[in-house]
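# Structural description and commentary
Take a look at the letters that make up each chain.
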Amino acid sequence: MDEHNMEHMTHHDHNQSHQHSGHMMNFKKRFWWSVIFSIPIIALSPMMGMALPFQVNFPGSNWIVLIFATIIYFYGGKPFLMGAKSELKQKNPAMMTLISLGISVAYFYSLYAFVLNLINPSNQAMDFFWELDTLILIMLLGHWIEMSAVSNAGNAMQKMAELLPNQATVVMDNGQTMTMSLQEVREGQKVLVKSGENIPTDGVIIKGQTSVNESMVTGEAQAVQKKVGDSVIGGSSNGDGTITIKVTGTGESGYLSQVMNLVSQAQQEKSRVESLSDKVAKWLFYVAVSVGVIAFIVWILITKSFGTALERMVTVLIIACPHALGLAIPLVTARSTSLGAQNGLLVKNRQALETAQHIDCVMMDKTGTLTEGHFKVNHYQSLTQDYTDQEILGYFASIETHSNHPLAASVVAYAKEQNIQLQSIDDVTTVSGVGPQGTIQQKTVQIVNPRYLKEHQIDYDTKQFDDLSSQGNTVSYLLVNQKNVGLIAQGDQIKPESKQLVQQLKELGIEPIMLTGDNQQTAQAVAKELGITTFHAELLPQDKESMIRDYRDKGQQVMMVGDGINDAPALARANVGMAIGAGTDVAIDSADVILVKSNPLDIVKFFTLAKRTSRKMKQNLWWGAGYNIIAIPLAAGILAPVGIILSPAVGAVFMSLSTVIVAINALLLKID
């Protein structure tokens, strides 16, 4: 396999991102041009047969209205006509079909009325050019508002691809090296990876040793020691060693590409979810068409007049036009996303607000979501009377200044905070699989792990080690001339808000579940501390994605919260994906919602916002479409036997009033 398919996928996703931005600009451009084209129509055409105070009329003005209405219909209405074509092709009529039905009926009936009036000036058949124009304007504005509110300029696929370098240093059979494009690298070839470089392909180390930071890809918080025979993942970052690897996966066969495929598939599936407004629009479409056809048949049988029957049917279809419905959701969305942004929540996918109220469980990545995502010194002490605790810390930090390991950096930073005086150290080397060593004041000083102590039969307190490690700490020991004199324990700190989050989720009836790539012991310690009963450790990206799929297959509605590339497939697969703002770009781009402040408690705030937003949406849908329950039957002439027929003018008042109510109701949305 080569990189061609991967590039194609990233370019496709990149194009989709631009397409979304392009659609937003398209609606904006069409709206403003349509406003200009609308001026003659609004000034010269009556509203459903009712002349407004500012309107004028002169010989030939009807031709001006016709010309501009035709431009409006074909130019301003094009996005909706194309959208309706797509919906009908999928046999799933929704908002675009309802809008297209309204503007098409308004245009072609008005054209019919224009011809009738032209043939017989005394006929005075009523046209709907004013309704056509205002409906298109409102719909363009509504879609522009909505797309602006939830615009997504992210590109998860592109960010993932950028983890892989463009070139690789290939070791030829004669021992010489050659720089090659990553697309040309094949399985079985040998690749040289220098310190500090990103590893270009999946492979197995055949020469050298190093530490590899896989946290960007797998979620494992610690740099992992690698030696000959160990596997490495393309996209992870090489530490301070130079290694030669034998390539085992490139292109579609590579690990990172498989993660990209998972994200892409999950995002496509999520995009097929039907929104509440589309469901209402579909219902209204079927009702309007059915009632309109029935009204036409009944009136033509009663009156024997084609014109009267046609006018009744058209009145029904025009009144069903979703003027208010087109603004019902966009205005709430705009208000909601604005409120969310003010409270540290960026909502990228409006559907997430509708889905959130049905969530059964929240799956949370441990590192970076529930914990800070970086190591801190939790404990250090001297194990002998020869040294004070501060001296032990100073020795640790003095040696670690010569290492770029994440654990080393936290020790040095902590020592500086404590104003510890560092020692001068000579002959610093790193023993593979053990740790650094050097000479301080002519004494051999080493930092080692428990395995080294066991192998060399050096005594240490195993109970103390178990206690510290069970709290999620990595424990290291200090040897001076092969004598165990001190220890230091470092761990990822739990965020102070995490415990409160777990408690509040339980109060909402939502089950908190922790997912992590870390080891079982560390995961258990964190889960116990937070009060989480269900947790899963040592997970790869596909494991998290698969677990969410399993829960969804059982009928559960799942929210996923994470911050790393390893979380991206799960974020895309979940009903609602939420990314920590301090996380990776890939996670952020794969998510529906971003926690800007990286505060876990904002998850609860999102549920509050979602609940109130959903309530406003439903209220607006009732105001935007509910009046049709009365208006459509009246327009059809159901009360004609008792002398009550809804005139087009009264229908216009209904529509205008519902539009105003929808706008005011959206502005009343609050988060607290």
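Residues numbered from 1 in each chain as written. Predicted model: local features only at pLDDT ≥ 70, side-chain atom pairs only at ≥ 80, totals over all residues. Heavy atoms only, no water.

The next point concerns the overall build of the chain. Counting its secondary structure elements, the chain contains 25 helices and 22 strands. Scored against the burial criterion, the 672 residues of the chain give a buried share of 54%. In the chain, the share of contacts with a sequence separation of at least 24, taken over all contacts with a separation of at least 6, comes to 70%. Put simply, the chain shows about 29,700 Å² of open surface, and 55% of that area lies on carbon and sulfur atoms. (Helix = DSSP H or I, 4+ residues; strand = E, 2+ residues; numbered from the N terminus. Buried < 20%, exposed > 50% of the residue type's maximum accessible area, 1.4 Å probe, protein only. Contact = heavy atoms within 4.5 Å. Areas by Shrake-Rupley, 256 points an atom, 1.4 Å probe, with all protein chains shown as cover.)

So, on to the pattern of salt bridges. With the rule as written, the count across this model stands at 8 salt bridges. Between R549 and E545 there is a salt bridge, and its shortest N-O distance comes to 2.8 Å. Placement of both R549 and E545 in helix α20 (residues 541–553) is noted, with a separation of 4 residues, approximately one turn of the helix. The exposure class of R549 is partly exposed, given its relative accessible area of 31%. Measuring nitrogen to oxygen at the nearest pair gives 3.7 Å for the salt bridge that ties K605 to D602. One end of the pair, K605, and the other, D602, are both in helix α23 (residues 602–625), 3 residues apart, so they sit about a helical turn from each other. What makes D602 buried here is its relative accessible area of 3%. Salt bridges here are not isolated pairs; linked through shared partners, they connect D365, K544 and D567. (Salt bridge = Lys/Arg side-chain N within 4 Å of Asp/Glu carboxyl O.)

Our next topic: the packing of helix α9 (residues 276–303) against helix α24 (residues 628–636). One way to put it is that α9 packs onto α24 with a least axis distance of 9 Å and a crossing angle of 20°. Taken together, the axes of α9 and α24 lie roughly parallel to each other. In the crossing of α9 with α24, the sense of the turn from one axis to the other is right-handed. Along the contact surface, α9 presents L284, V287, V291, A295 and W299, while α24 presents N628, I632 and A636. Here the residues of the contact of α9 with α24 are counted per class, giving 7 nonpolar, 1 polar and no charged. (Axes fitted to C-alpha atoms, helices over the stretch in contact; angles between N-to-C directions. Parallel < 35°, antiparallel > 145°, perpendicular 65-115°, else oblique. Left-handed = near helix turned anticlockwise from the far one by under 90°. Nonpolar A, V, L, I, M, F, W, Y, C, P; charged D, E, K, R; others polar.)

Before going further, it helps to spend a moment on unusual backbone geometry. We note that K304 has phi near 60°; this positive angle belongs to a residue other than glycine. By the element assignment, K304 lies in the loop between α9 and α10 (306–319). If you check the backbone angles, Q482 has positive phi at about 65° while not being a glycine. Following the sequence through the fold, Q482 ends up in the loop between β16 (473–480) and β17 (483–494).

So, about the sheet that holds strand β4 (residues 202–207). With antiparallel pairing, the 6 strands of this open sheet are ordered in space as β2-β1-β3-β9-β4-β7. Edge positions in the sheet fall to β2 (177–181) and β7 (231–232), since each has one partner strand and no second. (Pairing = 2+ DSSP bridges.)

The next subject is a nonpolar patch on the surface. On the surface, a nonpolar cluster with roughly 550 Å² of combined accessible area is contributed by V293, I294, I297, V298, L301 and I302. For I302, the location among the structural elements is in helix α9. Residue classification places I302 among the exposed residues on the basis of a relative accessible area of 60%. (Patch = residues over 30% accessible without salt bridge, like charges linked within 9 Å, V, L, I, M, F, W, Y side chains within 5 Å.)

A few words now on the nonpolar core. Core analysis: the biggest nonpolar cluster contains 105 residues, and L132, L325, V362, M559, I603, F606 and F607 have the highest contact counts within it. With 11 residues, the single largest contributor to this core is helix α4 (residues 95–119). Aside from chain neighbours lying at most four places away, what touches V362 is L505, I510, E511, P512, I513, M559, V561 and F607. Within the second largest apolar cluster, 20 residues are counted, among which are L393, Y395, V411 and I488. (Core = buried A, V, L, I, M, F, W, Y, C linked by side-chain atoms within 4.5 Å.)

As a further point, take the confidence of the model for the chain. In regions of low pLDDT, the predicted coordinates are not meant to be interpreted in detail. Averaged over the chain, the pLDDT score is 80; the fraction of residues at 70 or greater is 83%. Taken element by element, the chain is modelled with least confidence in helix α6 (residues 156–161), mean pLDDT 53, and with most confidence in strand β18 (residues 511–515), mean pLDDT 95. Ignoring residues within four places in sequence, the model shows residues 152–157, a span with pLDDT below 50, making 23 contacts including any to other chains. A low-confidence stretch, residues 269–273 stays under pLDDT 50, and its non-local contacts, those more than four residues away or across chains, total 11 contacts. (pLDDT = per-residue confidence, 0-100.)

With that settled, consider the sheet that holds strand β21 (residues 576–580). The pairing of strands in a sheet comes from backbone hydrogen bonds and takes either a parallel or an antiparallel form. Ordered by their spatial adjacency, 7 strands build an open sheet running β10-β22-β21-β20-β11-β18-β19, and the pairing between neighbours is mixed. The open sheet has two free edges, formed respectively by β10 (345–347) and β19 (534–536), since each of these has just one partner strand. Averaged over neighbouring strand pairs, the angle between their axes works out to 20° when direction is ignored. Contacts from helix α19 (residues 520–530) reach β18 and β19, with the element oriented near 155° to β19.

Taken N-terminus to C-terminus, the directions of helix α2 (residues 61–76) and helix α3 (residues 78–89) make an angle of 50°; their axes are 5 Å apart at the nearest point. Considering their axes alone, α2 and α3 lie oblique with respect to each other. Residue-level inspection shows Y73, F74, Y75 and G76 of α2 in contact with α3, the latter providing K78, P79, F80 and L81. Across the contact of α2 with α3, the residue classes break down as 6 nonpolar, 1 polar and 1 charged.

Another aspect to go through is α19. Residues T522, A523, A525, V526, A527 and L530 constitute the buried set of α19. In the segment just after α19, G531 is the residue with positive phi, at about 85°.

Moving on: the UniProt feature "transmembrane region" (unreviewed entry) in the chain. Per the UniProt entry, the sites bearing "transmembrane region" (unreviewed entry) are residues 31–54, 60–76, 97–116, 128–150, 283–302, 314–334, 621–644 and 650–669 in this numbering. Span residues 60–76 is 94% helix and 0% strand, its end C-alpha atoms 24 Å apart. (UniProt positions renumbered as here; feature names shortened; annotations may be inferred.)

Counting buried positions along strand β1 (residues 167–171) yields 4 of 5 residues, so the element is predominantly enclosed. Pairing geometry for β1 and β2, over 5 bridges, is antiparallel. Across the sheet, the residue bridging to V171 is T177, located in β2. In this structure, the hairpin formed by β1 and β2 is closed by a connection of 5 residues, where G175 is found at a positive phi of approximately 90°. Relative to strand β3 (residues 190–193), β1 runs antiparallel, the two being bridged by 3 bridges. Opposite V171, over in β3, you have K190 as the bridge partner.

It is worth spelling out the packing of aromatic side chains at this point. Tallied over the entire structure, the rule returns 21 aromatic pairs. Look at Y107 and F108: their rings are 5.1 Å apart centre to centre, the planes differ by 75°, and that puts the pair in the edge-to-face class. Using a relative accessible area of 5% as the deciding quantity, one classes Y107 as buried. The class of F108 is partly exposed, set by a relative accessible area of 44%. Ring pairing ties together the aromatic residues W33, F37, F68 and Y75, which thus form one cluster. Its guanidinium or amino end placed over the ring of Y75, R30 lies 4.7 Å from that ring's centre, counting from NZ or CZ. (Phe/Tyr/Trp six-rings, centres within 6.5 Å; stacked < 30°, edge-to-face > 60°. Lys NZ or Arg CZ within 6 Å of the ring centre and 35° of its normal.)

Considering the arrangement of structural elements, one finds E400 in helix α14 (residues 389–400). No salt bridge is formed by the buried E400; its nearest oppositely charged neighbour, K416, is found at 13 Å. Residues in contact with E400, not counting those within four places in the same chain, are A408, V411, V412, P436 and I447. (Lys, Arg positive; Asp, Glu negative; His and termini not counted.)

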